[in-house]
Amino acid sequence: MDVKIEPSWKEILNEEFKKPYFSTLTSFVREEYKKNRIFPEGKNIFNAFNLCPFNKVKVVIIGQDPYHGPGQAHGLCFSVRDGIDFPPSLRNIFKEINNDIGTPVPKSGDLTRWAVQGVLLLNATLTVRAHNAGSHQGKGWETFTDAAIRELSEKRENIVFLLWGAYAQRKGAIIDKTKHYVLESVHPSPLSASRGFFGNHHFSKANQFLQSNGIEPVNW
């Protein structure tokens, strides 16, 4: 199967593309795009991978589902396009960055600027039906994104993994903590942010770790 994805990831994940589950997933997703309004646009499904080649990854942030409102999702977890109001979790992420390292809250919620610096903004599920959260869960995407995380864990070292909330923490259970730096806290959602997301200092801690290993820090 010829999957249009960044070349280094295409090589790394080549075996996944040959597996029956991926063929089933592809058929399901194609039909969904024909019959329903699906986010993100097809060209942006693998945006997180396309902007952040395998050997450039220095930080991984794990999300769950793409945003399911019009104009929001563009293939990067927590990120929205320019001109779109910040969803509550993204607003809280920017608030913590401001409190942690003093970076002013930006005007744009487009996190492409992080991705091109080596931040893999990976949703567990890469597509969703409009206004129907979780509608593409359990169809195979989670197996695929687990494989990506496993390959990073096994073949790279000194990556920072930011696991916010129970879902991300369960998904991150396969990460080798002897090779990588794993930071966990509650989710930045308004339901939980005040119970430990605010004040987690994940952004300064990530940069301190990267610098201590001779890796360029992220300009958050």
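As the structure is a prediction and not an experimental result, all values here were calculated from the model. All residue numbers refer to position in the chain's written sequence, counted from 1. Given that the model is predicted, a residue must reach a pLDDT of at least 70 before its local features are reported, and side-chain atom pairs must reach 80 or more before they are shown or counted; all residues, however, enter totals for whole chains, interfaces and linings. With hydrogens and water stripped out, all remaining heavy atoms of the structure feed into the side-chain values.

Asks: I keep staring at the pairing of strand 3 (residues 119-123) and nothing clicks. Help me out?
Replies: Exposed residues in this analysis have more than 50% of their type's maximum accessible area, buried residues have under 20%, and partly exposed residues fall in between, with area computed by a 1.4 Å probe over protein chains only. Working definition: helices are DSSP H or I runs of at least four residues, strands are E runs of at least two. Numbering for both runs from the N terminus. Buried residues dominate strand 3, accounting for five of its five residues. Across the two faces of strand 3 the burial is the same, with V119, L121 and N123 and L120 and L122 all buried. Note: strand 2 (residues 59-63) against strand 3, five bridges, orientation parallel. Within the sheet, the bridge partner assigned to V59 lies in strand 3 and is V119. A pair of strands is labelled paired if DSSP reports no fewer than 2 bridges between them.

Asks: Honestly, the packing of aromatic side chains in this entry has me stumped. Any pointers?
Replies: Pairs were defined over the aromatic rings of Phe, Tyr and Trp, the Trp ring being its six-membered one, requiring ring centres within 6.5 Å. Orientation was assigned from the angle between planes: stacked under 30 degrees, edge-to-face over 60, tilted for the rest. Counted by the stated rule, this structure contains 20 aromatic pairs. Measuring from centroid to centroid gives 6.2 Å for Y21 and F22, while their planes differ by 90°, and the two rings are edge-to-face. Ring centres of F46 and W141 lie 5.9 Å apart, and the angle between their planes is 75°; this geometry places the pair in the edge-to-face category. Residue F46 is located in the loop between strand 1 (38-39) and helix 4 (47-51), and its partner W141 is located in helix 7 (residues 141-155); the two are separated by 95 residues in the primary sequence. The residues F46 and W141 share a single accessibility class, namely buried. Through a chain of ring-to-ring contacts, the aromatic side chains of W9, F17, Y21, F22, F46, F49, F54, W141 and F144 assemble into a single cluster. Here, a charge over a ring means that NZ of Lys or CZ of Arg falls within 6 Å of the ring centre while also lying within 35 degrees of the ring normal. Over the ring of F198 we find K95; its NZ or CZ atom is 4.8 Å from the centre of that ring.

Asks: Would you mind going over the layout of surface pockets with me for this structure?
Replies: The rolling of a water-molecule-sized probe over the atoms marks out the regions of remaining empty space. In this structure, the largest pocket spans a volume of roughly 490 Å³. Looking at the largest pocket, it is lined by 26 residues, and the ones nearest its centre are D65, Y67, F78, S89 and H187. Elements supplying a minimum of two residues to the lining of the largest pocket: strand 2, helix 5 (88-101) and helix 8 (166-171). When the residues that make up the lining of the largest pocket are grouped by side-chain class, the tally is 14 nonpolar, eleven polar and one charged. Only protein atoms enter the 1 Å grid used here. Points where a 1.4 Å probe fits but cannot escape make up a cavity, open sets with protein on both sides within 12 Å along at least five of seven lines make up a pocket, and a residue lines them when an atom lies within 4 Å of a point. Grid points are joined across faces, edges and corners, and a volume is the space filled by probe spheres set on the points. One number sums up the size of the second largest pocket: a volume of about 420 Å³. Together, 16 residues line the second largest pocket, and V3, K4, R30, I45 and F46 are the ones closest to its centre. Examining the composition of the lining of the second largest pocket, we find that five residues originate from one element, helix 3 (residues 20-35), more than from any other. In the scheme used here, Gly and all other residues not listed as nonpolar or charged are polar, with Ala, Val, Leu, Ile, Met, Phe, Trp, Tyr, Cys and Pro taken as nonpolar and Asp, Glu, Lys and Arg as charged.

Asks: Help me understand the pairing of strand 5 (residues 160-164), please; the structure alone is not making it clear to me.
Replies: Within a regular beta strand, the side chains point alternately toward one face of the sheet and then the other, so they alternate between its two faces. In terms of burial, strand 5 is a largely internal element, five of the five residues being buried. Of the two faces of strand 5, the one carrying V160, L162 and W164 and the one carrying F161 and L163 are both buried. Note: strand 2 against strand 5, three bridges, orientation parallel. The partner of V59 across the bridge, within strand 5, is V160. Handedness of the crossover joining strand 5 and strand 6 (residues 181-185) through helix 8: right-handed. Seen with the strands pointing away from the viewer, any crossover whose path from the first strand over the helix to the second strand runs clockwise is right-handed.

Asks: I'm lost on the nonpolar core in this one. Help?
Replies: One broad trend across soluble globular proteins is that nonpolar side chains are buried collectively. Of all hydrophobic cores here, the largest spans 66 residues; its most connected members are W9, F46, F49, I61, W114, F144 and W220. Each residue touching W220, except ones within four places of it in the same chain, is listed here: V59, I61, I97, I101, T103, W114, V119, F203, A206 and N207. Among the buried residues, those of types Ala, Val, Leu, Ile, Met, Phe, Trp, Tyr and Cys that are joined through side-chain atoms within 4.5 Å form a nonpolar core. Residue contacts are counted whenever heavy atoms from the two residues lie within 4.5 Å of one another.

Asks: Which parts of the structure should I look at to understand the pattern of salt bridges?
Replies: Pairing between side chains becomes possible if they bear opposite charge and their charged atoms approach one another. Between Lys or Arg on one side and Asp or Glu on the other, a salt bridge is scored when a side-chain nitrogen of the former is within 4 Å of a carboxyl oxygen of the latter. Inspection of the entire model under this criterion finds ten salt bridges. Taking the shortest distance from any N to any O, the salt bridge between E15 and K18 comes out at 3.2 Å. In this structure, the salt-bridge partner of K171 is D146, at a minimum N-O distance of 2.6 Å. Remark: D146 occurs in helix 7 and K171 occurs in helix 8; sequence separation between them is 25 residues. When its relative accessible area of 23% is taken as the criterion, D146 is described as partly exposed. Salt bridges sharing common partners tie together E31, K34 and K35.

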